[in-house]
Structure formats: C-alpha cells, structure tokens
Amino acid sequence: MPNSLCSWPPGTLNETVRGPVGFEDGYAVVVLSETLPAGPKALSECRGQVITDLQKALEEQWLEYLGRHLSVDPRPSGYGRRSKG
C-alpha cells in the first residue's frame, strides 16, 4: 500500500470513503470497512513474516559460525593451472 493511505490526502470524501489515492498505475478510491486499534497481531496473521525473520536470523548465525570455524580460500581449486590437453 502506498504511504498516502496513512496520511489522508486532500480529497477525503467522508469518514469511510477516501480518495482519490495515487498508485503507480493510476488512482483508487478507498472504502474503510473497519478501523482496528493498534496492538499485537495473532500468529496466524503474521506467521509468514515470523518464519522469514527466523530464517534470516538462523542464516546469519550459521554464516557467523562458519566464519569462526572454517578457513576459506577465495581462489578456485584450479587457479593458476593450465589444463593439459
């Protein structure tokens, strides 16, 4: 959603209809059906984001572990050799 939905631009029609709101491909009129108070989401509402964040954290920990415990030679194994052919 574009940032313009957060701060209602000029053109607000009434309390439930907002618009027009500019998007990349054109304009839209937004109809609010419900306003929710700020607060934590249920896991079912944010499960995908939680999994993504966990995977990123685990990957960072794994790369840090590998960096501490393994030495890495940045050259390919055949670097500087000529094949006989």
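Since the structure is predicted, the reported quantities are computational estimates derived from the model, not experimental observations.

**Q** Describe the overall build of the protein, listing the residues and the values that go with them.
**A** If you tally the helices and strands in the protein, you get 1 helix and 2 strands. Of the contacts formed within the protein by residues at least 6 apart in sequence, a portion of 6% connects residues at least 24 apart.

**Q** Tell me what's going on with the pattern of salt bridges, and back it up with residues and numbers.
**A** The final tally for this structure, using the stated rule, is 1 salt bridge. The partner of Glu-64 in a salt bridge is Arg-68, with the nearest N and O atoms 2.9 Å apart. With Glu-64 and Arg-68 both in helix H1 (residues 43-69) and 4 residues apart, the pair spans about one turn of that helix. With a relative accessible area of 51%, Glu-64 lands in the exposed category. Among the residues examined, Arg-68 registers a relative accessible area of 55% and is labelled exposed.

**Q** Which residues make up the packing of aromatic side chains, and what values do they have?
**A** Between two aromatic rings, the relevant description is the distance of the centres plus the angle of the planes. Applying the stated criterion to the full structure yields 1 aromatic pair. Considering the side-chain rings of Trp-62 and Tyr-65, the 5.8 Å spacing of their centres and the 20° angle between planes classify their relative orientation as stacked. Linking Trp-62 with Tyr-65, this pair stays in helix H1, spanning 3 residues, or about one helical turn.

**Q** An account of the confidence of the model for the protein is needed here, citing residue identities and associated values.
**A** Low-pLDDT stretches of the model should not have their predicted coordinates read in fine detail. Per-residue confidence for the protein gives a mean pLDDT of 77; residues scoring 70 or more make up 68%. Per-residue pLDDT, averaged within each element of the protein, yields its smallest value for strand E1 (residues 17-23) (76) and its largest for H1 (93). Within the model, the stretch residues 1-5 combines pLDDT values under 50 with 8 contacts to residues more than four positions away or in other chains.

**Q** Lay out the pairing of strand E2 (residues 26-31) in plain terms, naming residues and giving numbers.
**A** The pairing of E1 with E2 spans 5 bridges and is classified as antiparallel. Bridge assignment links Val-21 to a residue of E2, and that residue is Ala-28. What sits between the antiparallel neighbours E1 and E2 is a turn of 2 residues.

Conventions used here
Residues numbered from 1 in each chain as written. Predicted model: local features only at pLDDT ≥ 70, side-chain atom pairs only at ≥ 80, totals over all residues. Heavy atoms only, no water. Helix = DSSP H or I, 4+ residues; strand = E, 2+ residues; numbered from the N terminus. Contact = heavy atoms within 4.5 Å. Salt bridge = Lys/Arg side-chain N within 4 Å of Asp/Glu carboxyl O. Buried < 20%, exposed > 50% of the residue type's maximum accessible area, 1.4 Å probe, protein only. Phe/Tyr/Trp six-rings, centres within 6.5 Å; stacked < 30°, edge-to-face > 60°. pLDDT = per-residue confidence, 0-100. Pairing = 2+ DSSP bridges.

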